[in-house]
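# Fold and geometry: a report
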Amino acid sequence: MRSALGLMLASVVTAMVIAGVWFWTSSPRADAAPPQTTAAAKADPMPAAAKQAARDDVETTAALSKRADATQAAAPAAAPAPAPVPAPVAAAPKCANPDALGISRTVVVDTNGGPGFGFLQYKQYDFLTDKEVVLTFDDGPWPTTPAVLKALADECTKAVFFPIGLHTTYHPDILRQVAAAGHTIGAHTWSHAHLASKKLSEQQAKDEIEKGFSAVKLALGANPAPFFRFPALAHTPATTAYLGTRNIAMFSVDVDSNDFKSKSADEVINNVMTKLDKEHKGIILMHDLQKHTAQALPTLLRKLKAGGYKVVWMKAKTQLETLPEYDAMMAKTEKPIATGRPIGNVVQTVAE
């Protein structure tokens, strides 16, 4: 009986051991690891350059106004970046003549409304003081113009030129010399037509004015100054009104050299100085296509200097916008063929 009882107890113990083992191996536990799942593929790391670009995009679009403050708070103030160095500006060439006539002052003209200058016809704007003169030249460009330019350059002074449009088609290179020397260039009609003539309609007068300016532009490759002088100083109410609508200043004269009818350089000089002694100042009218003027100019400029006269150079506040239809008209104008051959190689005297 004892043997049977012992056998029963052994069976019970064995059953309990088996049950415990089953419990610990098959029941879930609170501290056990969660069930394993398949992990997603790991993304490739972002390149450093892309990270920087993304950061810059955010700073630019979302925090541009705060960047400076944040930078200052995070780090000591850095030295300010140096200002960009402006492109060097070519200095004006120094005058080689220590006793040159030079330029006493430069005036800028607002041509709005078409103001007039020169007391022979326009008396509203008296801007010159005693012993001040403005040098002006009509009717070029011409082969005599370079001599005029040299005389002005030798005295380191500047003038206003009123070229004839047709002449610019003959000598565009000479007009470009005028511009390269830094002088002011306006216009003097297309063909030097008398704009007060009864034979000329208002439209024809307008055409003369506009074609003259467009011809100058064509020669220069740039807009001229809105400065105009009437041939023979012949204006009309209609032409002056038209210039006003185009904001072009009109130039008359105070001292006429009468060089177009002078017989010598000395006569040109005498005409100018005699009239200046009377007027004491003013706009001087000369013609750069007159050979006597080219010959007289070096001495005349020295006499102006000796007489205590000073040159005022007139410039325009803005350049003239020429009219497209006249620009197109001038572009189609047939121009003489320039061979570049000296006249002596083309025409030679064989007998006298």
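Up top you'll find the structure we're talking about.
Just so it is clear, the model here is predicted, and its values are computed rather than measured. (Residues numbered from 1 in each chain as written. Predicted model: local features only at pLDDT ≥ 70, side-chain atom pairs only at ≥ 80, totals over all residues. Heavy atoms only, no water.)

For the protein, the count of helices and strands is twelve helices and ten strands. Taken over 352 residues, the protein has a buried fraction of 36%. Within the protein, counting contacts between residues at least 6 apart in sequence, those at least 24 apart form 79% of the total. When the accessible area of the protein is evaluated, it comes to approximately 21,600 Å², of which 60% is carbon and sulfur surface. (Helix = DSSP H or I, 4+ residues; strand = E, 2+ residues; numbered from the N terminus. Buried < 20%, exposed > 50% of the residue type's maximum accessible area, 1.4 Å probe, protein only. Contact = heavy atoms within 4.5 Å. Areas by Shrake-Rupley, 256 points an atom, 1.4 Å probe, with all protein chains shown as cover.)

Right, let's talk about the environment of Val108 for a bit. Tracing the chain through its elements places Val108 in strand β1 (residues 105-109). Take Val108: its relative accessible area is 58%, and that puts it in the exposed class. Separated by 210 residues in the primary sequence, Val108 and Thr318 place their C-alpha atoms 9.1 Å from one another. Sequence-distant contacts of Val108, that is, excluding residues within four places in its chain, are made with Lys315, Ala316 and Lys317.

As a further point, take the nonpolar core. Judged by nonpolar contacts, the single largest core of 48 residues is most densely connected at Leu135, Phe137, Leu152 and Leu297. Sorting the residues of this core by element identifies β3 (132-138), α4 (145-154), α6 (172-180), α7 (202-220), α8 (237-245), α9 (265-279), β9 (282-287) and α10 (291-306) as the ones contributing at least two each. The residues touching Leu297, leaving out its near neighbours within four places in the chain, are Phe137, Val148, Ala151, Leu152 and Met286. Listed in part, the 15 residues of the second largest apolar core include Val107, Val134, Ala225 and Phe251. (Core = buried A, V, L, I, M, F, W, Y, C linked by side-chain atoms within 4.5 Å.)

For the coordinates displayed, the defined rule picks out one disulfide. The side chain of Cys95 participates in a disulfide bridge whose partner is Cys156; the two sulfur atoms lie 1.9 Å from each other. Across the S-S bond linking Cys95 and Cys156, the dihedral sits near 85°, which makes this disulfide right-handed. One end of the pair, Cys95, is in the loop between α3 (67-74) and β1; the other, Cys156, is in the loop between α4 and β4 (160-162), with 61 residues separating them in the sequence. (Disulfide = S-S within 2.5 Å.)

With that settled, the discussion passes to α10. In this model α10 runs 24 Å from its N-terminal to its C-terminal C-alpha over 16 residues, within 8% of the 22 Å that 1.5 Å per residue would give. Within α10 the residues assigned to the buried category are His292, Thr293, Ala294, Ala296, Leu297, Leu300, Leu301 and Leu304. Along its buried surface, α10 packs onto β3, α4, α9 and β9. Once α10 finishes, Gly308 follows within two positions and takes phi at roughly 80°, a positive value. (Expected span 1.5 Å × (residues − 1).)

All quantities given are derived from atomic positions and should not be read as evidence of function.
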